[in-house]
Amino acid sequence: MTGAALGLLLAFLVLAGPWLARHDPHDMSFRPLSPPSSEHWLGVNDGGMDLFSELLHGIRNTVIFGLLTGMTALVIGVVIGLVSAWFGGVPDHFLMRLAEILLAIPAVMILILVAAFFRPSPLILSLILAALSWPTSAKAIRAQALVVKEGVHIQAARQMGASGAYIIARHLMPELFPLYLISFAAKARMAMFMEASLSFLGLFDPTRKSLGMMISYALKYYYLEIWWNWLIPPILCLTLLIMAVTFLAVSLEKVFDPRLKEAW
Amino acid sequence: MLAYVLAALVMMYVSYSVPRWLPGDFVTAMYSSSHVTLNAEQEAELRAYYTERPGFGRYLVDLFTLNWGYSFAFLTPISELIGEALPWSLLLLGTAHLLSMILGFLAGVEAAWRRGGLVEKAGVGSMTILEGIPEIGTAVILLLIFALHLGWLPAAGGETAYVEHSTGQWILDVMGHVALPLATLCLAYFPGNFLLTRGSMVMVLKEQFIDTARAKGLPPARIRYAHAARNALLPMVTRFGLRIAFMVTGALVVETIYAYPGLGTLLFNAISMRDLPLIQGIVLFSSLVVLFVNLALEFAYGWIDPRVKHAF
């Protein structure tokens, strides 16, 4: 419930962000470090940019990065999980060994290396992160698909001559739907956290507005009176964002995993 | 086991080839964006040096003989820089994981035992909220309150510089400096361990062998720990293995915020100075450490739960 409310608020900020922002976040024509005023709700940063507009664009970028990564990782995970479960044998063996290797590799390290050396666009980084983080979804989906595959209704469909493609599309995929939501939420949360951390470390294009980057810049001026208007807002937004997705993931698991419901 | 060895090889190969995928030749790619300006003679020598030993095999030999090259920014061997930073990171991360695992486990076991009570409900609620707060937020808020506002603890560094201390004073000084980053990391790791242990304990407590133990008239503490809790230990260790790569990211940020002299801060400095060889060295080294920890956990499973051993 709380998760949903927070999620709605943030979704509004993301969608309406460009209209709510009263200045271009790249406009550097304001008086640097001026305190909040009616013109600049959160004041102006050291580079003369409006902080409120920067914040709105930052949230937008973080959320888009998270959703895109979550979506891509989910699609790869679903395809590989289903292929693995349906065909079994050699493809299954190969894909699951591949998943184990990828699971062992710390994704953040590859991202840091690639970001530092090639300075790719956020889109490329998001795709790399997705390409490294599908194994957990694929494994969960494969395990559940193996259970569903043995179900009586699938046997019946087969007896009636349904093709593999038909069964996968009409039976397996819809029945695994709850798993998609859970793994999407988990991946999106991880990706938003990564985006904030990597931009905090300065690995993204510095002209791209981001919550992590705002925090990193604001910390350089911690001895000034900028705590309430510069440092706390991006931290608060990031925390609310991650919290909303976490709550969403937890409540989804509670709804769809009856074993867990009992534990709560 | 094999997966980890392969993963380690993949990491080494990626780290070997990334500079070679950059446009231009290796030397231009590595030195063009650094502070170092090479004269023609040095450039020719470096080029000769790198064409003389280009292979992946040679790279592996260098790797295992700790011959990791030099940092541009610090003008020091990379192995030396990592060697200096490593003890600080180990102190911070090791203590944080140890504390949050032990405390999270004990609190989770006790909470499951007292399920339904007011304290337990409040605990679960607040831990779920805490679980959603990223390290970056906790770190800045603790820094603001305890270091900058109240001034109880130092805001940066691992020890007070340029001060002669006796051993006892030095230990206190180091403890004072580690306190805030440690608290941040514990707040980040504790809720997960607590919630997971509590969840698995609630399931275990429904098993029949718990009823048997109760029927035998065993003292409750013995049922809780000797009979039930052992079964709740494995999920926590598994979760640690799955999340370690994710947790490294958070630790990087926390070290940077407190300017703690560990590997995270070193990496941050390397990134801001575009010191590519140092970035490469730290990334490869920390990935191998993560892989090694995962491998060690694999062996720990068998020790925690003897049933796992029979599965192989």
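How each quantity is defined
Residues numbered from 1 in each chain as written. Chains lettered and ligands numbered in written order. Predicted model: local features only at pLDDT ≥ 70, side-chain atom pairs only at ≥ 80, totals over all residues. Helix = DSSP H or I, 4+ residues; strand = E, 2+ residues; numbered from the N terminus. Buried ≥ 20, exposed ≤ 12 C-beta atoms within 10 Å, placed from the backbone. Core = buried A, V, L, I, M, F, W, Y, C linked by C-beta atoms within 7 Å. Contact = placed C-beta atoms within 7 Å. Nonpolar A, V, L, I, M, F, W, Y, C, P; charged D, E, K, R; others polar. pLDDT = per-residue confidence, 0-100. Expected span 1.5 Å × (residues − 1). Axes fitted to C-alpha atoms, helices over the stretch in contact; angles between N-to-C directions. Parallel < 35°, antiparallel > 145°, perpendicular 65-115°, else oblique. Left-handed = near helix turned anticlockwise from the far one by under 90°.

## Points about the overall build of chain A
In terms of helices and strands, chain A carries twelve helices and zero strands. When the helices and strands of chain A are placed in sequence order, the string is α-α-α-α-α-α-α-α-α-α-α-α. Across the 264 residues of chain A, 44% fall into the buried class.

## Some words on the overall build of chain B
Looking only at helices and strands, one finds 13 helices and zero strands in chain B. Along chain B, helices (α) and strands (β) appear in the sequence α-α-α-α-α-α-α-α-α-α-α-α-α when read from the amino end. If you line up chain B on its principal axes, its C-alpha atoms span 85 × 55 × 35 Å.

## Notes on the nonpolar core
Counting 134 residues, the largest nonpolar core has Leu111(A), Ile112(A), Ile279(B) and Ile282(B) as the members making the most contacts within it. If we ignore the near neighbours within four places in the chain, the residues touching Ile279(B) are Ile112(A), Leu113(A), Ala116(A), Leu267(B), Ala270(B) and Ile271(B). The next biggest cluster of nonpolar side chains, apart from the first, holds eleven residues, and it includes Phe105(B), Leu205(B), Ala228(B) and Ala229(B).

## Details of the interface of chain A and chain B
Often, the extent of an interface is quoted as the loss of accessible area upon association of its parts. Listed per partner, the contact involves 37 residues of chain A and 44 residues of chain B. It is helix α11 (residues 227-256) of chain A that contributes the most residues to the side of chain A that touches chain B, ten residues altogether. Taken together, the residues of the side of chain A that touches chain B sort by class into 31 nonpolar, four polar and two charged.

## A few points about the confidence of the model for chain B
Residues and elements named next belong to chain B. Averaged over chain B, the pLDDT score is 81; the fraction of residues at 70 or greater is 92%. No element of chain B has a lower mean pLDDT than helix α13 (residues 306-310), which averages 66, and none a higher one than helix α5 (residues 78-113), which averages 88. The complex model carries a pTM of 0.82, and its ipTM stands at 0.78.

## A word on the environment of Tyr70(B)
Inspection of the secondary structure assignment puts Tyr70(B) in the loop between α4 (56-64) and α5. If near-sequence neighbours (up to four positions away) are discounted, Tyr70(B) is found in contact with Leu75(B), Thr76(B), Pro77(B), Ile78(B) and Pro277(B).

## What to know about helix α8 (residues 164-175) of chain A
Turn by turn, an α-helix covers 3.6 residues, leaving residues three or four places apart pointing in a common direction. Taking 1.5 Å per residue, twelve residues should reach 16 Å; α8(A) reaches 15 Å between its end C-alpha atoms and fits that length. When you tally the buried positions in α8(A), you get one out of twelve residues, a small fraction of the element.

## Here's the deal with the packing of helix α10 (residues 211-219) of chain A against α11(A)
Residue and element names in this part refer to chain A. Close contact between α10 and α11 brings their axes to 9 Å; oriented N to C, the two are set at 150 degrees. Between α10 and α11, the angle is such that the two are roughly antiparallel. For the crossing formed where α10 meets α11, the hand is left-handed. Judged by residue contacts, Leu211, Met214, Ile215, Ala218 and Leu219 of α10 engage Trp230, Leu231, Pro234, Ile235, Cys237 and Leu238 from α11. Here the residues of the contact of α10 with α11 sort into eleven nonpolar, no polar and no charged.

## So, the packing of helix α6 (residues 118-131) of chain B against helix α8 (residues 167-204) of chain B
Residues and elements named next belong to chain B. Running from amino to carboxyl end, α6 crosses α8 at an angle of 130 degrees, the nearest separation of the two axes being 9 Å. Between α6 and α8, the crossing angle belongs to the class labelled oblique. Relative to α8, the crossing made by α6 is left-handed. Every residue of α8 that contacts α6 at Val124, Met127, Thr128, Leu130 and Glu131 is listed here: Leu187, Pro191, Gly192, Phe194, Leu195 and Arg198.

## Looking at the environment of Ala162(A)
Residues and elements named next belong to chain A. Along the chain, the position of alanine 162 falls in the loop between α7 (152-159) and α8. The exposure class assigned to alanine 162 is partly exposed, which follows from the 15 C-beta atoms found within 10 Å. Taking C-alpha positions, alanine 162 is 38 Å from glycine 66, a pair spaced 96 residues apart along the chain. Those residues within four positions of alanine 162 in sequence are excluded, and the remaining contacts are Ala157 and Ile167.

## Let's talk about the confidence of the model for chain A
All names here are of chain A. On average, chain A scores 81 in pLDDT, and the residues at 70 or more come to 89%. Ranking the elements of chain A by mean pLDDT puts helix α12 (residues 258-263) last with 49 and helix α5 (residues 122-133) first with 90. Across residues 260-264, where pLDDT falls below 50, the model places seven contacts with residues more than four positions away in sequence or in other chains.

## Here's the deal with unusual backbone geometry
Unusually for a residue other than glycine, Arg119(A) sits at a positive phi of about 45 degrees. As for its position among the elements, Arg119(A) is in the loop between α4 (107-118) and α5. In this structure Arg119(A) comes out as partly exposed when scored by C-beta crowding, with 14 C-beta atoms within 10 Å. The phi dihedral of Ala259(B) is positive, around 45 degrees, even though this residue is not glycine.

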